[in-house]
Amino acid sequence: FTSTRDIKVRMNPPINQYTPEERNFMMMAYQNHRGKASCIMKVQEKFRDKFPNSRVPPQKTINRIWKKQNTAFTVHNLNSKTSPGDSHSGRKRSAITPESIQAVQDMLDRDCEKENDDPNINSCRRNELGLSAATMSRIINHHLNYHCYKMIKCHALKETDLDRRRRFADHVLTTMTEADLLNTAFSDEATFTMDGMVNSQNVRRYAK
């Protein structure tokens, strides 16, 4: 049996990326030994002599840097600001454009003027623009800085309600038997409807 206090979790430190100087050296060394059977081993050997304090690059890294130089004409990371052209990490977001951001804003502003029972109210998962839920959420939260507001039901109390509530409480205490109470359902829900009335859980509005 091993106590949980005796278990040590080993966390590997983050791996530093190669510097531009190291990347250029790998590319030039690969160019000089390209075509030889021991090309990768020669590159690694020369890299170890040139940069003794750096980790030796594996074969896939050397091949990737060589391919990047011949296709993108750079040894930098393609998501680095120092690389030529547009810098971005991963697939470029083509759904988020100034036009789509403006279209989402106009759509949400129109929804604020609609009635609560309007079936054409848009949401992230179902919208008239055909955008995905992730794209809609990203535009709403990060580009428009809109917040989600929920409709809250409030009792429309009238002057006669206080007396009616008191009379109902007296009726329950004095008239209803124990059997009547067992056959009565009590709930914190304000209304029970099955005629298509608005469900406040489905009513959302987006605004600043």
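Residues numbered from 1 in each chain as written. Predicted model: local features only at pLDDT ≥ 70, side-chain atom pairs only at ≥ 80, totals over all residues. Heavy atoms only, no water.

Draft legend 1. Structural context of the environment of V75. Here V75 lies in the loop between α3 (59–71) and α4 (98–111). Since its relative accessible area comes to 5%, V75 is described here as buried. For the pair V75 and R23, spaced 52 residues apart in sequence, the C-alpha to C-alpha distance is 6.2 Å. Each residue touching V75, except ones within four places of it in the same chain, is listed here: R23, N24, M27, I65, K68 and Q69. (Helix = DSSP H or I, 4+ residues; strand = E, 2+ residues; numbered from the N terminus. Buried < 20%, exposed > 50% of the residue type's maximum accessible area, 1.4 Å probe, protein only. Contact = heavy atoms within 4.5 Å.)

Draft legend 2. Representation of the side chain of D111. Examined against the element boundaries, D111 turns out to sit in helix α4. Classification of D111 by relative accessible area gives buried; the value is 4%. Those residues in contact with D111, other than ones at most four positions away along the chain, are N120, I121, N122 and R205.

Draft legend 3. Representation of unusual backbone geometry within the structure. Positive phi is not limited to glycine here, since F73 has a value of about 60 degrees. A relative accessible area of 64% places F73 in the exposed class.

Draft legend 4. How the structure looks around the confidence of the model for the protein chain. Per-residue confidence for the protein chain averages 79 on the pLDDT scale, and 76% of its residues sit at or above 70. Per-element confidence in the protein chain ranges from a low mean pLDDT of 80 for strand β2 (residues 204–207) to a high of 92 for helix α2 (residues 39–50). (pLDDT = per-residue confidence, 0-100.)

Draft legend 5. Spatial organisation of the nonpolar core. Of all hydrophobic cores here, the largest spans 14 residues; its most connected members are M26, M27, Y30, V43, F47, I62 and I65. The set of elements that each furnish at least two residues to this core consists of α1 (20–33), α2 and α3. (Core = buried A, V, L, I, M, F, W, Y, C linked by side-chain atoms within 4.5 Å.)

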